[in-house]
Amino acid sequence: MGLPEKLYYEISEVTARWGCTTDLLFHYFEMGILHPSVIFKTMICELWEGENPGDSTSSKLVDPQYAIDKPLYFWKYNDIVSVYVDYQEEIHLNGHILVFEFFKPTQWIRVVKKGVPSYVMTDNDFIITKNERDRFEKEYELEIKDNNREASNLPEFDFVDKSRIDELKSVANNGKYDLTKLFRLIEELNYNWNESNYYSTAMLVRSLIDHIPPIFNCKKFSEVCNNYKGSKSFKEATQNLQLALRNIADSHLHSHITANEMLPNKTQVNFSNTLDLLLAEVVKNLK
């Protein structure tokens, strides 16, 4: 008789089973098509219940000393990542409200500091439950090859998500800016990304960030990074685009021919996460 199957798997186990990268898995989280969980240990929380998760004024305290020792599904992956990026220090030192899709949608938890350290979440804390892994494989009709542990038919994703494009379209007619070129850059960016044209991908992202500073009342993208009063996560995202992305794009754009060339790959030019934060702020400013 064999050992019983596990109830959840680490990220490395899932990537090995599907033959994909960790970056692709996390992009599925951000797209909302694969739902991660996390196990918290040695952390005391308050368990609340109310119609507005995170709002203690309209909720009741169910358990002031709730110890988490089981996987929890997130409301939204991006919400938790945003909390971690924006409030990492507060989570570690003082505790902060974290909203989860718990036993039922009206329940939520708050990290509290009562004699034990608060918990700082990292990428290594994410897991995939067996039920979620099986659901994903069935929904996307993945064929797992037992001989080399590689899945076929893994879903692809656009560099700029369709939902973000739809949001941009909803504010395109505000009369202040003509977004025709922006939409064209996004269209070409998604096309080249899906065609594995990674030189073009890097250069198009560079063109895009240089195109939109007036929306932030700036002349250059460096001014957006330094002067625009956005959130901490937004500032980190723009700095990443300004420094890392621009350097990568410029190195490919201006480099001379050599005896040994190293071509860019998907991992090197994948700035889709940070670009999405930038475009979300564009939508916010144009509303």
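1. Regarding unusual backbone geometry
Item 1. The residue Ser196 is not glycine, and still its phi comes out positive at about 65°.
Item 2. Structurally, the position occupied by Ser196 is in the loop between helix 7 (180-194) and helix 8 (198-211).
Item 3. Given a relative accessible area of 43%, Ser196 falls into the partly exposed group.
Item 4. Even without glycine at this site, Asn217 takes up a positive phi of about 60°.
Item 5. Among the structural elements, Asn217 can be located in the loop between helix 8 and helix 9 (221-227).
Item 6. Under the relative-accessibility criterion, Asn217 is labelled exposed at 69%.

2. Quick word on the pattern of salt bridges
Item 1. Following the criterion strictly, the structure yields 16 salt bridges and no others.
Item 2. For Arg246, the salt bridge identified is with Asp210, shortest N-O distance 2.8 Å. On the criterion of sequence distance, the pair formed by Arg246 in helix 10 (residues 232-254) and Asp210 in helix 8 is long-range, its members being 36 residues apart.
Item 3. A residue is classified by how much of its surface remains accessible, and Arg246, at 13% relative accessible area, is buried.
Item 4. Given a relative accessible area of 36%, Asp210 falls into the partly exposed group.
Item 5. If you follow the salt bridges from partner to partner, you end up with Glu5, Lys130, Arg133 and Asp134 in one network.

3. Quick look at the environment of Tyr28
Item 1. In this structure, Tyr28 sits in helix 2 (residues 22-31).
Item 2. Spatially, the C-alpha atoms of Tyr28 and Glu156 are 9.2 Å apart, while their sequence positions differ by 128 residues.
Item 3. Once you skip the residues sitting within four places of it in the chain, Tyr28 turns out to touch Ile33, Leu34, Phe136, Leu154 and Pro155.

About the cut-offs
- Counting starts from 1 at the beginning of each chain's written sequence and moves along it residue by residue.
- Only residues with pLDDT of at least 70 are given local features in this predicted model, and only at 80 or more are side-chain atom pairs given and counted; all residues enter the totals for whole chains, interfaces and linings.
- Derived side-chain values reflect all non-hydrogen atoms in the structure, with water molecules and hydrogen atoms excluded from consideration.
- Under the scheme used here, helices are H or I runs from DSSP no shorter than 4 residues and strands are E runs no shorter than 2 residues, and both carry numbers assigned from the N terminus.
- Only protein chains enter the accessibility calculation, which uses a 1.4 Å probe; a residue whose area is less than 20% of its type maximum is buried, one above 50% is exposed, and one in between is partly exposed.
- A pair is scored as a salt bridge if a Lys or Arg side-chain nitrogen falls within 4 Å of a carboxyl oxygen belonging to Asp or Glu.
- The contact criterion used is simple: two residues touch if any of their non-hydrogen atoms lie within 4.5 Å.

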